[in-house]
Each structure stands twice: as structure tokens, then as C-alpha cells.
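In case you want the letters, here they are:
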Amino acid sequence: MPHARAATTVNFGKDQFFTLGLGVRAQYLSHDTTMPGNKDAASASDLRIYMGAQFHKYVKSTLNLERLRDGNWNVLDGVLQVERWKAFNIWGGRMLTPSDRSNLDGPYFLSTYAFPIVSQYPGAWSGRDDGISVWGKLLKDRFRYVAGVYRGHNWVRGGSNYGEHPLFAARMEYNFLDPEPSPAYYTASTYYGKADILAIGLAGQYETDGVGTAQDKGDYKAWNVDGLFEKRIGEGAKYGVYTLEGAYYQYYTGGVKDIAAGYGQRSGDYGNVGGVNDGTAFLASTAYLIPYRLGWGRLQPLVRYQQFCFRKDMYGPGHPKTTQLDLGGNYVMDGHNLRFTFDYVRYKPMGTRAVGAFLLGMQFQY
């Protein structure tokens, strides 16, 4: 995502330039459920290279790469951008699909470190898919929309949608106070007092035969509503910045269980395959940016709670649930470009006991 400021810009002429940037996230988790024996583990959870170019006043491109956990590199974003008017722009390639605020934040622009478990829109990689989008800003940038057609989910031999049906997706959002300072249709879950925000968004996705196997198919439907309220307290945020975020989700698979994530791929990291669940979910979080500096930065205590409730009797008796509570804070040195997070995570997967862990995370962008 081209939120981060570029470290290097090379100009080639009028309205022609190339930018290069970097994003790094690293973490220590005291009880990593993805490791054998649930051991503690330190890892570089993200390494990204951001590249952008402008060839003409109205024609741009973005190429962002991300290093996968197996050491290989993948195309995160690869977009050709035609941006003639603020109200109507066309993008083609691999990009974030219209979805919830958390997905459009990406991991670097959340208010917390860990990506929410309830944000389960499918994507080829990190919420992206290949296709074409139109987007724009109207009403003095307070209204934003994006809609598009994409390759879609379960495009794999043996899956429900082997090259037959595309994914349709759309999102609209209105800002009742200041317009959000994020670019294009991207979002963030905190702006650290850059603006007063009251934003409500509505997103939906649909794909015929989007879930299941080739023999047992179901239509994929999903929608969510999300909101962000962030207020500077006192003139110039003299008394800090308060943040409140919430989201509600509905995911439908037509009563069909989807294939396993990464079915037919090298791993679950590859391909837009499997893993969609039928159910409802919600997220609620709150944070407060303390106005006083402590050393090089400021503290932002935060709390977040999430719950995914699976469809009745489909994944177990009754309505099994997965929940997660995050309790901690950020040490903010340069907004989303340089931040440390300390978090206590209590995670309770469906049908098993709760697991507690401490997370120490760092992110850097330039």
C-alpha cells in the first residue's frame, strides 16, 4: 500500500518520476500457536519493497513486493493507474479489493499490531486480487467509493470455481467530519490526531460458486459495516486523541463447507483458495493517544475484542465461537512509519481452550 512516504524519489522530467520505499515489521511472541509445541518465537513478519512511477500527468503505476515466510518473494501490488479525475479513476492489475476497513488498512495502518481474525475476505495475497477497479472521491472528499471485478476465489482444479465466475466487490464510505487523509480508497484505523474522523463504511462481495469443491459448490456472499471515530481533545490535541472503531460482518457460503486454505497450492500463503467460513463476526477497539511525550515518542494504550460466531450446527453443535482479546499499547515515534507495540493476546479458538501470549512488535516504513 502506498501510504508510507518514499525514501527515494528520482525525477525524469515534467510529471515523470520513480519512487522507492521499504516496510519492515518484526515481532516476538511468547506463545506462538503456529510453531511446534507452541514455543516462543521471534520473526520478521513482513518485509516489503514499495515502488511507484509516474509516466504522464494522469498515468501511474505501483509495484510492491513482499517476502513470504518460506523466503520467496511475491507481488503484493502490481497496478496500472489511470487517474484523470478525482471523482473517477481506473486501476488494473493486482490490488486490494473493496472490503472492510481493516483489510484496506493493511497490517501497517491498523491501530493494533496483529491483523484481526474476523476480517476474512478472501484474496490472492494479503487481501489482494487480480482485476479492475474504479474509484473516486466526491463531496469535498468526504464520500469515497470503489467497485470492481476480480479473478475470484477457488480458482483451482478440484475447487468450486475453476475459472468460471469472477468476484464482484464494492465499498462506499462517508466522512461526517474531516475527510480521511489516506490516499485513494485506502484507510487507516488511527491518524494520531491529524484529523477529526467520523467515518461509516459499507462493503459487499459476491461470487457464484465461490466456495466448496467441484462436486459440492456454494455461492460466496459477504458484507460488513464498519465505523471509525477519532477526536482531537482540546485545541491542537492538547489533551490527547481518542479513537473508537467497530465493525460487523456477515459471511455466507450457502451451507457448503469450503475446501482447506491453500488446497492444491504449495502452502496456504499461495493462491486465493479455500478457508472461507460461514458465520457472523464483530470487532470493537478503543485507544487513547496520551499528549505528553515520553522520550522520543508518545504512548497510546488500546483494547480490542473480536468474535467470530460460526453458522449453527455447521462446524460443530450449536454456534461455536472463536474470540480474541488484545490489551496493550503503542509507543508512537513517527505515526505508522515508526512504532512499537506491546500487547497481551488472549486467543480462544473454536472448540479448544484459551491461550494467552505476550507480543512485542515493531514496524518501520520509509
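An unreviewed UniProt entry lists the chain under the name Porin, with Komagataeibacter melomenusus given as the organism.

(A) Geometry of the nonpolar core. Residues Trp91, Tyr185, Tyr220 and Tyr249 are the most contacted members of the largest nonpolar core, which totals 29 residues. Not counting residues within four places of it along the chain, the set of residues in contact with Tyr249 comprises Asp100, Ser102, Val118, Ser119, Tyr121, Trp223, Asn224, Gly279, Thr280, Ala281 and Phe282. Formed by nine residues, the second largest nonpolar core is a distinct cluster that contains Ala188, Tyr191, Ile197 and Leu228.

(B) Quick look at the pairing of strand E17 (residues 338–348). Note that strand E16 (residues 321–332) and E17 share 10 bridges and pair antiparallel. If you follow Leu325 over to E17, its bridge partner there is Arg346. The antiparallel hairpin formed by E16 and E17 contains five residues in its connecting segment, where Gly335 sits at a positive phi of about 55°. Examined bridge by bridge, E17 and strand E18 (residues 355–365) share 10 bridges and lie antiparallel to one another. Across the sheet, the residue bridging to Phe342 is Leu360, located in E18. From the end of E17 to the start of E18, which pair antiparallel, there are six residues, and Gly351 there has a positive phi angle of about 80°.

(C) Summary view of the side chain of Asp258. Among the secondary structure elements, Asp258 is positioned in the loop between strand E12 (241–252) and strand E13 (279–289). Although buried, Asp258 forms no salt bridge, and the nearest oppositely charged side chain, Lys257, lies 12 Å from it. Of note is the side chain of Asp258, whose polar atom sits 2.9 Å from the backbone nitrogen of Gly212. Only 3.2 Å separates the side chain of Asp258 from the backbone nitrogen of Gly275, close enough to count as a polar contact. Once you skip the residues sitting within four places of it in the chain, Asp258 turns out to touch His153, Asn154, Val211, Gly212, Gly274, Gly275 and Val276.

Rules behind the numbers
- Residues numbered from 1 in each chain as written.
- Predicted model: local features only at pLDDT ≥ 70, side-chain atom pairs only at ≥ 80, totals over all residues.
- Heavy atoms only, no water.
- Core = buried A, V, L, I, M, F, W, Y, C linked by side-chain atoms within 4.5 Å.
- Buried < 20%, exposed > 50% of the residue type's maximum accessible area, 1.4 Å probe, protein only.
- Contact = heavy atoms within 4.5 Å.
- Pairing = 2+ DSSP bridges.
- Helix = DSSP H or I, 4+ residues; strand = E, 2+ residues; numbered from the N terminus.
- Lys, Arg positive; Asp, Glu negative; His and termini not counted.
- Salt bridge = Lys/Arg side-chain N within 4 Å of Asp/Glu carboxyl O.
- Polar contact = N/O pair within 3.5 Å; in protein donor to acceptor, adjacent residues only side chain to side chain.

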